[in-house]
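# Results of the structural survey
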Amino acid sequence: NAGVMQNPRHLVRRRGQEARLRCSPMKGHSHVYWYRQLPEEGLKFMVYLQKENIIDESGMPKERFSAEFPKEGPSILRIQQVVRGDSAAYFCASSPQTVGYEQYFGPGTRLTVT
Amino acid sequence: GESVGLHLPTLSVQEGDNSIINCAYSNSASDYFIWYKQESGKGPQFIIDIRSNMDKRQGQRVTVLLNKTVKHLSLQIAATQPGDSAVYFCAENPPNTGNQFYFGTGTSLTVIP
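Residues numbered from 1 in each chain as written. Chains lettered and ligands numbered in written order. Predicted model: local features only at pLDDT ≥ 70, side-chain atom pairs only at ≥ 80, totals over all residues. Heavy atoms only, no water.

This part is about the environment of valine 87 of chain B. All names here are of chain B. Looking at where valine 87 falls in the secondary structure, it is placed in strand S8 (residues 86-93). When the C-alpha positions of valine 87 and arginine 61 are compared, they lie 17 Å apart, and in sequence the two are 26 residues distant. What valine 87 contacts, discounting residues up to four positions off in sequence, is Tyr36, Lys37, Gln38, Gly106, Thr107 and Ser108. (Helix = DSSP H or I, 4+ residues; strand = E, 2+ residues; numbered from the N terminus. Contact = heavy atoms within 4.5 Å.)

Dropping the structure here:
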């Protein structure tokens, strides 16, 4: 049973370019969460999605950031017109449908904006 | 938003000693808590969880204690090993948030051989 998969593991973008981060949840999981982590800091919640629905995006910047979790395929976190401050590790987690279960994390995507 | 804080940002212990990592959570109605371990360059890994109807839960070499009166969690690691060196996060699941968790800033544990 494969765990949560994220790709790419490392992504380098120049300022102004777009970054697309992908997350495939564990088999059977319909809840996906995206977090951002700066060096030496904790995980900051960004967005919570279920299939085809955004449940909570209160942690996501209003501009340049968007997320989706289509009926088929991985969840995508998209950052448009990246700036140096977007450099961070972005983690995806998934959980089963039922509330009150742990979140399983992927290995993360490390985004560097040059 | 919610905040979860840790009392000690760094902790160094001798190999073989016991480690205790503390965490204060913010929402007295939170009913599910998890401890995660994050090694350098990797994603967080589940260690142990506890629900609010329990005060203590034991795993393999780890014990989590929950004190709801003072909104405090602790993680105890017995006979700490070099492989335990990592950052440890506690996370709380407040009510009415679905399966959303709020994470603390983490404690960095270093095991001295």
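From this point, the discussion proceeds with the structure in view.
Residue and element names in this part refer to chain A. Across the 5 residues that make up strand S8 (residues 75-79), a large majority, 4, are buried. As paired strands, strand S3 (residues 19-24) and S8 are joined by 5 bridges and run antiparallel to one another. Pairing of cysteine 23 across the sheet is with serine 75, part of S8. Of the strand pairs in this sheet, strand S7 (residues 65-68) and S8 are connected by 4 bridges, and their pairing is antiparallel. Looking across to S8, one finds that serine 66 is bridged to arginine 78. A loop of 6 residues connects S7 with S8, the two strands running antiparallel in sequence, and glycine 73 in this loop sits at a positive phi of about 100°. (Buried < 20%, exposed > 50% of the residue type's maximum accessible area, 1.4 Å probe, protein only. Pairing = 2+ DSSP bridges.)

Interpretation note: all reported values are geometric properties and have no functional meaning in isolation.
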